[in-house]
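# Breakdown of the fold
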Amino acid sequence: MLRFTKDHEWVKVDGDEATVGITDYAQSQLGDVVYVELPDVGRSVKAGGEAAVVESVKAASEVYAPLTGEVSAVNDALADSPSAVNDDPEGSGWFMKIKLADKSELDGLMDEDAYKAFVDEQ
Amino acid sequence: MAEADDFSKVKGGELLKTPLHAQHVALGARMVPFAGYDMPVQYPAGIIKEHTATRTSAGLFDVSHMGQAVLKADDGSHETVAKALEGLIPADVIGLEHGRQRYSQLLNADGGILDDLMVTRPASADGEGTLLLVVNAACKEADYAHIAANLPAGVSLEVLNDKALIAIQGPKAADVTAEHVPGAADMAFMDARSGTFDGIEVHLSRSGYTGEDGYEISVSAQDAEKIWNTLAGDERVMPVGLGARDTLRLEAGLCLYGHDIDETTSPVEAGLLWSIGKRRREEGGFPGADRIQREIAEGPSRRRVGIKPSGRAPAREGTVVADTGGSEIGTVTSGGFGPTVGGPVAMGYVGAGYAKPATPLQLMLRGRAEPAEVVKLPFVPPGFHRG
């Protein structure tokens, strides 16, 4: 199940764990990604709170946790190949996995059609 | 995700367009407001590819937003016009030879920098008694008012509003340009002359803002499109936006006005003493000469330096610089990712005692101290054609 936030993060839920990344639209707006700062595994994150930083050539941007929970894994490969965020944002360019505290928070996120409509308005 | 982009979108207000605006849009550029103009920040290739093309082949830049003006002495004498300008800038203008260009700064009474500029003495005899000025877009109206208000009788400023400025930069810039401009290859770094580009009258200088060999071509607004399209259509040449222009100049150690230099920084602090001629250092006679001569004699209290973060995280403008003990000693004024360096690069001001290359520093990034060190500028060796 793929869900999206208004801050252009995507969430893929598998059981009570969610994989998080930034959308293709987000990476196209950022341009060449050169650095990603990820949280420590085990850190608690709150929906809407700062969780990571993605830096393009031009600027640094915050990435927010789409859902509340505990960081259960991070994509260490992004340290050596941050360009994966541009090349495969919804695959190998994933940021982190979060063990969800409250699955009902998913109801507040957009599905693919709603996100598409949201981006078209941007 | 929240963007904190330098080129943030401004709603409302009419943006100016350069004569090449339609070309940028047709090429698919992302347009952003910059210094009151709607300018390309990048083309579809992206900043890193545009940067790399400029370092390895040739990049094409529309810099028509910059201010072009002519300073003119009624008596047709170089000495008259040069003396007038020497009252505002610390460069040796009287000693500038025919067909040569020089970098300098407009100074305020405290020796702070109002703007930086290029000054050219025309090559041809019929240009005698004139100087060509190129100033920054964001400063140009203030510069013109300042210059005009401080000229002696018999010297006047004419703003060239109907000119475009096109830069071609990179190791293949000379080969490409010489195919259209007879004699371009014979020019040395900082030479300037009139010429023709496929028969179109132009004025060109062998200079730029990337650390590479190349030219800046001044042409009438109506002919700009022909020259742009010719160069952009050459397979060795890639159009380059403001994003890569910034990474190129940062790696080249060149100052960006309003960031690395401003009204509070002196040319000595900024490491621009090389641009103040020997005679001027001794004689003074420019605004803020007291401070500048004192800083030359005693050394400034702070200096602009290159800063290389040891890790991968870029340090942006405004990042606090600390010594190894954690005491604040300076600030980053420009910083980001250097595509040719392949990692983060920055410059900024530090206390004079910390300005030596290899001095260890700490950068305060998001509440953490990241190690860095002072490095000699530029980050990449210049590709200038010394002739």
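The present account deals with the structure reproduced in this document. (Residues numbered from 1 in each chain as written. Chains lettered and ligands numbered in written order. Predicted model: local features only at pLDDT ≥ 70, side-chain atom pairs only at ≥ 80, totals over all residues. Heavy atoms only, no water.)

## Here we look at the overall build of chain A
So the rule is basically this: Only DSSP runs of H or I covering at least 4 residues are called helices, and only runs of E covering at least 2 are called strands; the numbering of each starts at the N terminus. Computation of the radius of gyration draws on C-alpha atoms alone. For the globule rule, the value is 2.2 Å times the number of residues to the power 0.38. Each residue is assigned to one of three classes by its accessible area relative to the maximum for its type, calculated with a 1.4 Å probe on protein chains only: buried under 20%, partly exposed between the two thresholds, exposed over 50%. Every residue pair with non-hydrogen atoms within 4.5 Å of one another is taken to be in contact. Each accessible area value is a Shrake-Rupley result obtained with a 1.4 Å probe; residue values ignore everything except the protein chains displayed when judging cover. The charge count treats Lys and Arg as positive and Asp and Glu as negative. His and the chain ends do not count. Charged side chains are reduced to one point each, which is NZ for Lys, CZ for Arg, CG for Asp and CD for Glu.
If you tally the helices and strands in chain A, you get three helices and nine strands. Computed over the C-alpha atoms, the radius of gyration of chain A is 13 Å, within 12% of the 14 Å expected from 2.2 N^0.38 for a compact globule of 122 residues. In terms of overall dimensions, chain A has a C-alpha envelope of 35 × 35 × 20 Å along the principal axes. Counting all 122 residues of chain A, 50% fall into the buried class. Within chain A, contacts between residues separated by at least 24 positions form 60% of all contacts whose residues are at least 6 apart in sequence. Of the roughly 5500 Å² of accessible surface on chain A, 42% is carried by carbon and sulfur atoms. The average position of the 10 basic charges and that of the 26 acidic charges among the side chains of chain A differ by 4 Å.

## Comments concerning the sheet that holds strand β3 (residues 17-22) of chain A
Residues and elements named next belong to chain A. Inclusion rule: Here the rule is simple: two strands pair whenever DSSP picks up at least two bridges between them.
Within the open sheet, the six strands sit side by side as β1-β2-β3-β9-β8-β5. Their pairing is antiparallel. Strands with a single pairing partner mark the edges of an open sheet, and in this sheet they are β1 (2-4) and β5 (44-45). Relative to strand β9 (residues 96-100), β3 runs antiparallel, the two being bridged by four bridges. Looking across to β9, one finds that valine 20 is bridged to methionine 96.

## Focus on the pattern of salt bridges
Residue and element names in this part refer to chain B. To keep it simple, the criterion reads: Salt-bridge detection follows one rule: a side-chain nitrogen of Lys or Arg within 4 Å of a carboxyl oxygen of Asp or Glu.
Considering all chains together, one arrives at 26 salt bridges over all chains under this definition. The shortest N-O distance in the salt bridge between arginine 236 and glutamate 179 comes to 3.0 Å. With a gap of 57 residues between them, arginine 236 in the loop between α6 (221-232) and β13 (237-239) and glutamate 179 in the loop between α5 (173-178) and β10 (192-197) connect regions that are remote in the sequence. By relative accessible area, arginine 236 is classed as partly exposed at 23%. We note a salt bridge from aspartate 260 to arginine 249, for which the minimum N-O separation is 2.8 Å.

## Considerations on unusual backbone geometry
Residues and elements named next belong to chain B. In this model, leucine 377 is joined to proline 378 through a cis peptide bond whose omega is 0°. Residue placement: proline 378 occurs in the segment after β19 (368-375). Despite not being glycine, arginine 366 shows a phi value in the positive range, around 50°. Secondary-structure assignment places arginine 366 in the loop between β18 (360-365) and β19.

## A word on the packing of helix α2 (residues 47-56) of chain B against helix α7 (residues 242-251) of chain B
All names here are of chain B. Note the threshold: Interaxial angle, 0 to 180 degrees, is taken between N-to-C directions of lines fitted to C-alpha atoms, where a helix line uses only the stretch in contact. Angles are sorted into four bins: roughly parallel if under 35 degrees, roughly antiparallel if over 145, roughly perpendicular if 65 to 115, and oblique for all others. Here is the rule for handedness: rotate from the far helix to the near one, and if that takes an anticlockwise turn smaller than a right angle the crossing is left-handed, while a clockwise turn gives right-handed.
Here α2 crosses α7 at 50°, and the two axes come no closer than 8 Å. When the interaxial angle is binned, α2 and α7 end up oblique. When you trace α2 past α7, the crossing you get is right-handed. Where α2 approaches α7, its residues Ile47, Glu50, His51, Thr54 and Arg55 are matched on the opposing element by Gly243, Ala244, Thr247, Leu248 and Glu251.

## Comments concerning the pairing of strand β17 (residues 343-351) of chain B
Residues and elements named next belong to chain B. In terms of residue burial, β17 counts as a mostly covered element, since nine of its nine residues are buried. When strand β14 (residues 302-309) meets β17, the two strands line up antiparallel, connected through six bridges. Residue pairing in the sheet places isoleucine 307 in a bridge with alanine 346 of β17. As paired elements, strand β16 (residues 328-338) and β17 share eight bridges and run antiparallel to each other. Bridge pairing in β17 places glycine 336 opposite valine 345. In this antiparallel pair of consecutive strands, β16 and β17, the connection spans four residues, and glycine 342 shows a positive phi of 80°.

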